[in-house]
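Commentary on secondary and tertiary structure
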Amino acid sequence: PNTKRGGHRSSGGGQAASLWGPGYATNANNNIFIMIQIESPAGVGMIDNILEEVPGIDAVMVASNDFGLHGGDRDGDASYNAREKLVRDSVLAHGKILVGPSSWQDRPGYRMFQGRRNATTTGYEKQ
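Now for a description of the structure that goes with this document. Worth saying up front: this structure is predicted, and the values here are computed from it rather than measured.

Our next topic: the packing of aromatic side chains. Counted by the stated rule, this structure contains three aromatic pairs. Note on Y80 and W104: the rings are 6.4 Å apart at their centroids and 90 degrees apart in plane angle, and the pair reads as edge-to-face. With a gap of 24 residues between them, Y80 in helix α5 (residues 78–93) and W104 in the loop between β3 (97–101) and β4 (110–114) connect regions that are remote in the sequence. Take Y80: its relative accessible area is 1%, and that puts it in the buried class. Here the aromatic rings of W104 and Y110 are separated by 5.3 Å at their centres, their planes lie at 75 degrees, and the arrangement is edge-to-face. The exposure classification of W104 matches that of Y110, with both residues buried. Among the aromatic residues, those joined into a ring-pair cluster are F67, Y80, W104 and Y110. Sitting over the face of the ring of F67, R83 holds its NZ or CZ atom 4.8 Å from the ring centroid. Its end group placed over the ring of W104, R107 keeps NZ or CZ at 3.9 Å from the ring centre.

Right, dumping it as structure tokens:
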């Protein structure tokens, strides 16, 4: 995680130290993980500016279903794939973690995944 959070944290009415130990604010600043989602074509168009101007972002997730819904297309369409590539290239060029759905485990550059499946399962586990 990015260690330059510098957040201003409440002490929770004096409870923070009793709940999370002494040095809570420093520990929180050093361990909070910040991830944004890109869902719309407008977000795609601003990704470089966002990553250059907003401090502390650790990861960017391509919210795959909304990405298509807001773009009027779907995964596999040329327009969808072109937008996904723009986001992917920008995120990787800025040294951030790229996040996508579990079905994208074979796509280059993705390191974190959303979903119930992981690399060792082939389907949904029975409840």
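Time to look at the pattern of salt bridges. When their charged atoms lie close together, side chains carrying opposite charge are able to pair. Scanning the entire structure with this criterion turns up five salt bridges. Note that E84 and R107 form a salt bridge whose closest N and O atoms lie 3.9 Å from each other. Of this pair, E84 sits in helix α5 while R107 sits in the loop between β3 and β4; the two residues are 23 residues apart in sequence, bridging distant segments of the chain. Salt bridges linked by common partners bring D75, E84, R88 and R107 together as one network.

With that settled, consider the nonpolar core. The biggest cluster of nonpolar side chains holds 15 residues, and the ones touching the most others in it are I38, L51, V60, V62, F67, V87 and V91. Every element with two or more residues in this core is listed here: α3 (41–53), β2 (59–62) and α5. Looking at which element gives the most residues to this core, the answer is α3, with four residues. The residues contacting V62, other than those within four sequence positions of it, are I38, F67, V87, V99, G100, P101, W104 and Y110.

Parameters at a glance
- Residues numbered from 1 in each chain as written.
- Predicted model: local features only at pLDDT ≥ 70, side-chain atom pairs only at ≥ 80, totals over all residues.
- Heavy atoms only, no water.
- Phe/Tyr/Trp six-rings, centres within 6.5 Å; stacked < 30°, edge-to-face > 60°.
- Helix = DSSP H or I, 4+ residues; strand = E, 2+ residues; numbered from the N terminus.
- Buried < 20%, exposed > 50% of the residue type's maximum accessible area, 1.4 Å probe, protein only.
- Lys NZ or Arg CZ within 6 Å of the ring centre and 35° of its normal.
- Salt bridge = Lys/Arg side-chain N within 4 Å of Asp/Glu carboxyl O.
- Core = buried A, V, L, I, M, F, W, Y, C linked by side-chain atoms within 4.5 Å.
- Contact = heavy atoms within 4.5 Å.

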